[in-house]
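Descriptive analysis of the structure
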Amino acid sequence: MIREKKIHLCPDCNEPKRQHIHTWLEELFSHAPHWNIPGLERFADWWFSAVLERLFVRLGLARWNDHIALEQLQLRSACFVEEAQKRNVPVAVLEGPNGPTNHFRIAVNGRQFRFDGLPLAEHVLAPTISLTDKARTRAALKNGGFPIANGIVFWFWQKSAARRYVEHKLGFPVVVKPRNGFLCRHVTTNIHTVAELAAAIDYALEYSPSFLVERYIRGNVYRATVVDAQTVACVQYVAAHVLGNGVQSVRTLVKEKNDSPERGVPPSKRHVVYKIVVNAMTERLLREHGKTLDSIPPLGQRVWLQRDPFQALGGNIVEVTESVHPENAELFRSVARYAHVGIVGIDLICENIGVSWRNQQCAILELSDIPCIELHQFPSSGTPRNLGAAILNMVYKYYR
């Protein structure tokens, strides 16, 4: 009898825990002196990928396929490829033994261009700041006069120094997050005690050898995506919740919501929102409001099931572009121009996106170099925004 080897998945990453070795090594290597030139790392990745692509194609291990099955692609790429197909722009995907990869080829004006995930116009718009390293991003944004939260980066051997910094200088509440990473992986917010701080640091260090400690700012979290420093779309992340109807229990309401085909399990390629996670935080929030999973909330009462609005915990995505204050939209465009990128995702925390950032406490949390444009095209509610079309317009502009 052959025993199947049990794979231990990280509950936050939804990937094998051994993947954390890769994220550690990747970050340590990225901080080597020869990677400190803005844009060099991305260029090296592109060059290395191009060499491997040609090698694999020649060896028959990969092939270009222009008959693309959209359902097999990452949703962000599918949004763009579908728009290109509508306009009869030839796009091919590089396929390997296990199906489509994240490498694409597009033909514009008789010339072929390659891109990963989304076309970023990197041959024209080389980024001037790092978008993956939160510490370097923070420093660049601060130098540019953009709003950020106070904070410092520490390495894994500096846990005591981080505690002293919070206790004697920064003050609670705070947020702890890995220096690198995305999708809010291994992030802990609204930390109020030394014990919570120690646990949050250990949690971040599972993913990364260094971590960022910054001041916690209360408010709503928004994701703005900017294309070509012009088109702006914005969604609000809303923590997992159910609405009472006076008849069903919280448990039943959660099940009904999770049974919706629109909700998947991360890291699903085909879903924007995921099933609500019921855990210790859920029970704590219910207990604070005198409820349990078997309580029946009255009609219209919103019952919060998670504190943080993370997608992986079952949060909703609400399209709010029409509510964005003009000065906030210009803030997003200014960040894109400052970073000199074709596409950028900007996470902003503030109380109200309809009020100018100048008139409220706010902070840019992080930037994303290949943002999830599907958030805007398939929100939980609100008017969908077709950023695939805006990106294709940018392609016509720069890919000649």
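Residues numbered from 1 in each chain as written. Predicted model: local features only at pLDDT ≥ 70, side-chain atom pairs only at ≥ 80, totals over all residues. Heavy atoms only, no water.

**Remarks on the pattern of salt bridges**
Two side chains bearing opposite charge may form a pair once their charged atoms approach each other closely. The test is simple: The salt bridge criterion pairs a side-chain nitrogen of Lys or Arg with a carboxyl oxygen of Asp or Glu, the two atoms within 4 Å. When accessible area is computed with a 1.4 Å probe and restricted to protein chains, residues below 20% of their type maximum are described as buried, those above 50% as exposed, and intermediate ones as partly exposed.
Applying the stated criterion across every chain yields a total of 16 salt bridges. Notably, a salt bridge pairs Asp259 with Lys255, separated by 2.8 Å at the nearest N-O pair. Exposure remark for Lys255: the relative accessible area of 52% places this residue in the exposed category. Its salt-bridge partner being Arg385, residue Glu319 comes within 3.9 Å of it at the nearest N-O pair.

**Overview of the sheet that holds strand S10 (residues 231-238)**
For clarity, the threshold we go by: Note on pairing: DSSP must find at least two bridges between two strands before they are called paired. Helix and strand definitions here come from DSSP, where helices need a minimum of 4 consecutive H or I residues and strands a minimum of 2 consecutive E residues; each element is numbered from the N-terminal end. Axis geometry follows a simple rule: fit a line to the C-alpha atoms, using only the stretch in contact for helices, then measure angles between N-to-C directions, giving values from 0 to 180 degrees. In this description, contact between two residues means that some pair of their heavy atoms is separated by no more than 4.5 Å.
Judged by pairing direction, the sheet is antiparallel, and its 5 strands sit side by side in the order S15-S10-S9-S16-S17 without closing on themselves. Each edge of the open sheet carries a strand with a single partner, namely strand S15 (316-319) and strand S17 (362-368). On average, each strand axis in the sheet is inclined to that of its neighbour by 25°, with strand direction left out of account. Note: S10 against S15, 4 bridges, orientation antiparallel. Each residue of the ladder has a partner; that of Val238, found in S15, is Asn316. In this fold helix H11 (residues 387-398) packs onto strand S9 (220-227), S10 and strand S16 (343-350), with an angle of close to 35° to the strand it touches most, S9.

**Some points on helix H4 (residues 134-143)**
Among the residues of H4, Lys134, Ala135, Thr137, Arg138, Ala140 and Leu141 are the ones counted as buried. Those residues of H4 that are buried are in contact with strand S5 (151-155), strand S6 (174-178), strand S8 (210-215), helix H9 (326-339) and S17. Two residues or fewer past H4, Gly145 is found with a positive phi of approximately 80°.

**Regarding helix H8 (residues 280-288)**
Rules: Arc, as used here, means the arc of the directions from the helix axis to the C-beta atoms. Polar contacts, as used here, are pairs of N or O atoms within 3.5 Å; protein pairs need one atom able to donate a hydrogen and one able to accept it. Residues neighboring in sequence count only if both atoms are side-chain atoms.
Buried residues of H8: Met281, Thr282, Leu285 and Leu286, and no others. The buried side chains of H8 occupy one side of the element, clustering within an arc of 135° when seen end-on. Opposite the packed face of H8, turned more than 90 degrees from it, sit the exposed residues Ala280, Arg287 and Glu288. Of the surrounding elements, those touching the buried residues of H8 are helix H7 (250-258) and strand S14 (302-304). Where H8 begins, the side chain of Asn279 points an oxygen toward the backbone nitrogen of Met281, at a separation of 3.1 Å. Positioned one or two residues after H8, Gly290 has a phi angle of 65°, which is positive.

**Focus on the packing of helix H3 (residues 75-86) against H11**
Put simply, the rule reads: Put simply, a crossing is left-handed when the front helix is turned counterclockwise from the back one by less than a right angle, and right-handed when it is turned clockwise. Residue polarity follows a fixed list, in which Ala, Val, Leu, Ile, Met, Phe, Trp, Tyr, Cys and Pro are nonpolar, Asp, Glu, Lys and Arg are charged, and the others, Gly among them, are polar.
In contact at an axis separation of 8 Å, H3 and H11 are set at 65° when each is read in the N-to-C sense. Crossing handedness for the pair H3 and H11: right-handed. Of the residues in H11, those touching H3 at Cys79, Phe80, Glu83 and Ala84 are Gly388, Ala389, Ile391, Leu392 and Val395. Of the residues assigned to the contact of H3 with H11, the class counts are 7 nonpolar, 1 polar and 1 charged.

**Things to note about the side chain of Arg263**
The line we're drawing: Charge assignment in this entry is limited to Lys and Arg as positive and Asp and Glu as negative, and neither His nor the chain termini are counted.
Tracing the backbone through its elements, the reader meets Arg263 in strand S12 (residues 263-264). Despite being buried, Arg263 has no salt bridge partner; Glu262 is the closest side chain of opposite charge, sitting 6.6 Å away. Separated by 2.6 Å, the side chain of Arg263 and the backbone oxygen of Tyr274 make a polar contact. Reaching out from Arg263, the side chain makes a polar contact with the side chain of Asn316 at a distance of 2.5 Å.

**Notes on the confidence of the model for the protein chain**
For the record, the criterion: The quantity known as pLDDT measures the predictor's confidence residue by residue, on a range of 0 to 100.
The predicted model of the protein chain averages 87 in pLDDT, with 84% of residues at 70 or higher. Of the regions scoring below 50 in pLDDT, residues 1-7 engages in 2 contacts with residues more than four places distant in sequence or in other chains.

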